[in-house]
Amino acid sequence: MKPQPTKSIKCLGNQHGQSSIFRELIVWFSALAIIPLTLVAYISYQQARESLTVQTTEKLQQSSILIVQYVKNWFDYRIMDLVSQADSKTNLKLLQSLIEERNRVGGVHKKQ
């Protein structure tokens, strides 16, 4: 068996002291790294949120404008259909024949 050197006991004492300093340095450097990282992440989040809010608002405004145009166009075509039907001589003749038939039969029947 070999005798154990006495230096190993002293090294353990040094390693414990170095380990404590090493741990403390790791904690401080980690804290110093996390603070700017958190700040950058927060700023990036705020910018992304603002950008998405602006984009969403613009798209909703564009969508509402298109819907209003669609509804207005639909009503315009219905008005054009009504004017066309009102100007139709065939419809005029049909209405006149219905009125004549009603008058011939005896007018409007009253409810009993």
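Each value, and the rule that gives it
Residues numbered from 1 in each chain as written. Predicted model: local features only at pLDDT ≥ 70, side-chain atom pairs only at ≥ 80, totals over all residues. Heavy atoms only, no water. Helix = DSSP H or I, 4+ residues; strand = E, 2+ residues; numbered from the N terminus. Buried < 20%, exposed > 50% of the residue type's maximum accessible area, 1.4 Å probe, protein only. Areas by Shrake-Rupley, 256 points an atom, 1.4 Å probe, with all protein chains shown as cover. Phe/Tyr/Trp six-rings, centres within 6.5 Å; stacked < 30°, edge-to-face > 60°. Lys NZ or Arg CZ within 6 Å of the ring centre and 35° of its normal. Patch = residues over 30% accessible without salt bridge, like charges linked within 9 Å, V, L, I, M, F, W, Y side chains within 5 Å. Salt bridge = Lys/Arg side-chain N within 4 Å of Asp/Glu carboxyl O. Expected span 1.5 Å × (residues − 1). pLDDT = per-residue confidence, 0-100. Contact = heavy atoms within 4.5 Å. Polar contact = N/O pair within 3.5 Å; in protein donor to acceptor, adjacent residues only side chain to side chain.

Trainee: What is the right way to look at the overall build of the protein in this model?
Mentor: Looking only at helices and strands, the protein features 2 helices and 0 strands. A burial count over the protein gives 0% of its 112 residues as buried. Here the protein displays about 11300 Å² of accessible surface, and carbon together with sulfur accounts for 65% of that area.

Trainee: Explain the packing of aromatic side chains here, please?
Mentor: By convention here, two paired aromatic rings are described through the distance between centres and the angle between planes. Applying the stated criterion across every chain, the model contains 1 aromatic pair. A centroid spacing of 5.0 Å and a plane angle of 90 degrees characterise the contact between tryptophan 74 and phenylalanine 75, whose relative ring orientation is edge-to-face. Residue class for tryptophan 74 comes out partly exposed when judged on its relative accessible area of 41%. Above the face of the tryptophan 74 ring, arginine 78 is positioned so that its terminal group lies 4.9 Å from the ring centre.

Trainee: Where do I start with a nonpolar patch on the surface in this structure?
Mentor: A contiguous nonpolar surface patch, about 550 Å² in accessible area, is contributed by Ile67, Tyr70, Val71, Trp74 and Phe75. Turning to its location among the elements, isoleucine 67 is positioned in helix α1 (residues 7-87). A relative accessible area of 52% places isoleucine 67 in the exposed class.

Trainee: Sorry, what's going on with the pattern of salt bridges here?
Mentor: Opposite charge on two side chains makes pairing possible when the charged atoms of those side chains draw close. This model, assessed by the stated rule, comprises 3 salt bridges. Across the pair arginine 78 and aspartate 81 runs a salt bridge whose closest N-O atoms are separated by 3.3 Å. Of this pair, arginine 78 and aspartate 81 both sit in helix α1, 3 residues apart, roughly one helical turn.

Trainee: Please explain helix α2 (residues 89-105) as it appears in this structure.
Mentor: Note: α-helices contain 3.6 residues per turn, so residues at a spacing of three or four share the same orientation. Over its 17 residues, α2 extends 24 Å from the first C-alpha to the last, a length consistent with the 24 Å expected when each residue adds 1.5 Å. Directly beyond the C-terminal end of α2, a positive phi value near 135 degrees is found at glycine 106.

Trainee: In this structure, what is going on with the confidence of the model for the protein? I would like to understand it.
Mentor: Fine structural detail should not be taken from predicted coordinates in areas where pLDDT scores are low. Residue-level pLDDT values for the protein average 85, and 79% of them are 70 or greater. Segment residues 7-13 is flagged for pLDDT under 50; beyond a separation of four residues in sequence, or across chains, it makes 0 contacts in the model.

Trainee: What should I look at first to understand the environment of threonine 57 in this one?
Mentor: With respect to the element layout, threonine 57 can be found in helix α1. A residue is classified by how much of its surface remains accessible, and threonine 57, at 38% relative accessible area, is partly exposed. In terms of polar contacts, threonine 57 uses its side chain to reach the backbone carbonyl oxygen of threonine 53, at 2.7 Å.

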